[in-house]
Amino acid sequence: MTFYAVTGGVPKYMEASHGRKDIFEAIEKDVLNSQSFLYEEPYFLLQKEVREIGSYFSLIRSIAMGNRKLSSLAADLGVKQTNLTKYLKVLMDLDLIEREVPVTEIAPEKSKSGLYRITDNFIAFWFRFVYPYRAYLEKGETDFVLSQIRKGFVTNHVAFVYKDICRERMWDLSSAGTWDFRFDKVGRYWGSKADETDIVAIVTAGANLILGECKYTTSPKGLSVLHALKENPNP
């Protein structure tokens with residue numbers, strides 16, 4: 001899970017980390033090392049596709065740091081919302097980000113609840129944990145940067161990748177006949193009066209609904225998670 005959270009299953013990235021004893025050794029040797037191709041990979045990916053690479057980097061970094069609403073992005077970057085739309089569209093066309101809405105939305109393109117997210121695991125990791133610390137890496141302070149990554153790697157990155165995998169897994173479970181009905185939409189739900197629900201699988205033309213929570217942890221989870229899910233104002 002931890003290796004996939006960084007490599008996204010890309011063969012070239014996986015090959016670079018082959019044989020490492022754990023993910024942190026792989027990050028240190030293959031991502032934070034200025035001699036590794038992964039150290040500059042986002043630059044190579046974007047410089048072939050866009051001009052104003054600095055503007056795109058600032059936008060992606062802002063999303064990686066948790067600014068996912070258009071208004072939040074504009075405020076963080078100090079620009080008008082209308083000035084961001086063209087950059088967001090380019091990044092969506094490149095399949096680096098996507099605009100996500102609650103799965104229950106009938107007209108997603110008109111939804112005011114849209115959130116932007118980075119779709120590529122490595123890009124999300126790099127902009128969250130490497131790009132902000134480039135100055136330290138250039139000075140050779142790799143140990144300090146790695147210590148910062150260790151603090152937030154699981155809670156701020158792996159846990160979110162795990163939720164994505166769980167939602168994808170729902171389709172396999174449905175195909176295997178886990179339930180006596182087939183849903184046609186799987187996603188997340190959030191609202192102004194409700195906490196986020198990690199898994200919402202619905203039958204558009206029916207009344208069946210599956211709700212679920214995804215917790216990436218080494219500790220067993222008790223019934224409190226189930227009770228919280230039941231009490232949350234869901235769709």
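Look up: the structure comes first, before these words.
Residues numbered from 1 in each chain as written. Predicted model: local features only at pLDDT ≥ 70, side-chain atom pairs only at ≥ 80, totals over all residues. Heavy atoms only, no water.

J.: Quick question: what am I supposed to make of the overall build of the protein chain here?
T.: For the protein chain, the helix and strand inventory stands at 11 helices and 5 strands. For 235 residues, the compact-globule estimate of 2.2 N^0.38 gives 18 Å, and the C-alpha radius of gyration of the protein chain, at 19 Å, lies within 12% of that figure. With the C-alpha coordinates aligned to their principal axes, the bounding extent of the protein chain is approximately 55 × 45 × 30 Å. Within the span of the protein chain, comprising 235 residues, buried residues form 40% of the whole. Within the protein chain, counting contacts between residues at least 6 apart in sequence, those at least 24 apart form 52% of the total. When the accessible surface of the protein chain is totalled, it reaches about 13,500 Å², and 50% of it is carbon and sulfur. For the protein chain, the distance from the average site of its 31 positive side-chain charges to the average site of its 30 negative ones is 4 Å. (Helix = DSSP H or I, 4+ residues; strand = E, 2+ residues; numbered from the N terminus. Rg over C-alpha atoms; globule rule 2.2 N^0.38 Å. Buried < 20%, exposed > 50% of the residue type's maximum accessible area, 1.4 Å probe, protein only. Contact = heavy atoms within 4.5 Å. Areas by Shrake-Rupley, 256 points an atom, 1.4 Å probe, with all protein chains shown as cover. Lys, Arg positive; Asp, Glu negative; His and termini not counted. Charge placed at Lys NZ, Arg CZ, Asp CG, Glu CD.)

J.: Hey, could you run me through the packing of aromatic side chains in this one?
T.: The description of two aromatic rings rests on the distance between their centres and on the angle between their planes. Inspection of the entire model under this criterion finds 21 aromatic pairs. Where Phe24 meets Phe153, the ring centres are 5.6 Å apart and the plane angle is 70°; that geometry is what we call edge-to-face. Taken as a pair, Phe24 in helix α3 (residues 23-30) and Phe153 in helix α10 (residues 142-175) lie far apart in primary sequence, 129 residues in all. The buried category is assigned to Phe24, whose relative accessible area is 16%. For Phe153, a relative accessible area of 1% translates into the label buried. Seen from their ring centres, Tyr162 and Tyr216 are 5.4 Å apart, and the 55° between their planes marks the pair as tilted. With a gap of 54 residues between them, Tyr162 in helix α10 and Tyr216 in the loop between β5 (209-212) and α11 (223-231) connect regions that are remote in the sequence. Residue classification places Tyr162 among the partly exposed residues on the basis of a relative accessible area of 24%. On the accessibility criterion, Tyr216 (30% relative accessible area) is partly exposed. An aromatic cluster is defined as three or more aromatic residues linked by ring pairs; in this entry it consists of Tyr43, Phe57, Trp126, Phe127 and Tyr131. (Phe/Tyr/Trp six-rings, centres within 6.5 Å; stacked < 30°, edge-to-face > 60°.)

J.: Looking at this structure, how should I read the side chain of Arg167?
T.: Along the chain, Arg167 falls in helix α10. Polar contacts involving the side chain of Arg167 include one to the side chain of Asp164, which spans 2.8 Å. Setting aside its immediate chain neighbours within four residues, Arg167 contacts Val186, Gly187, Arg188, Asp198 and Ile199. (Polar contact = N/O pair within 3.5 Å; in protein donor to acceptor, adjacent residues only side chain to side chain.)

J.: Sorry if this is basic, but what is going on with the sheet that holds strand β4 (residues 194-202) here?
T.: The pairing of strands in a sheet comes from backbone hydrogen bonds and takes either a parallel or an antiparallel form. Ordered in space as β3-β4-β5, the 3 strands form an open sheet in which the pairing is antiparallel. Among the strands making up the open sheet, the edge pair consists of β3 (185-191) and β5. Taken pair by pair, the neighbouring strands of this sheet meet at an average axis angle of 30°, ignoring direction. Pairing of β4 with β5 involves 4 bridges; the strand directions are antiparallel. Across the sheet, Ala201 pairs through a bridge with Ile210, a residue of β5. (Pairing = 2+ DSSP bridges. Axes fitted to C-alpha atoms, helices over the stretch in contact; angles between N-to-C directions.)

J.: Looking at this structure, how should I read the environment of Glu141?
T.: Position of Glu141 relative to the elements: it lies in the loop between α9 (134-138) and α10. For Glu141, a relative accessible area of 31% gives the class partly exposed. Residues Glu141 and Leu32, 109 residues apart in the sequence, show an inter-C-alpha distance of 10.0 Å.

J.: Explain the packing of helix α8 (residues 121-129) against α10 here, please?
T.: Each packed pair of helices is defined by two parameters, the angle between the axes and the distance between the axes. Two elements in contact, α8 and α10, have axes whose closest approach is 10 Å; the angle formed by their N-to-C orientations is 140°. The angle between the axes of α8 and α10 places the two elements in the oblique class. Crossing angle aside, the handedness with which α8 passes α10 is right-handed. Residues Asn121, Ala124, Phe125, Arg128 and Phe129 of α8 form the contact with α10, whose participating residues are Val145, Ile149, Gly152, Phe153, Asn156, His157 and Val161. Split into classes, the residues belonging to the contact of α8 with α10 amount to 7 nonpolar, 4 polar and 1 charged. (Parallel < 35°, antiparallel > 145°, perpendicular 65-115°, else oblique. Left-handed = near helix turned anticlockwise from the far one by under 90°. Nonpolar A, V, L, I, M, F, W, Y, C, P; charged D, E, K, R; others polar.)

By themselves, these observations are geometric and do not establish any function.
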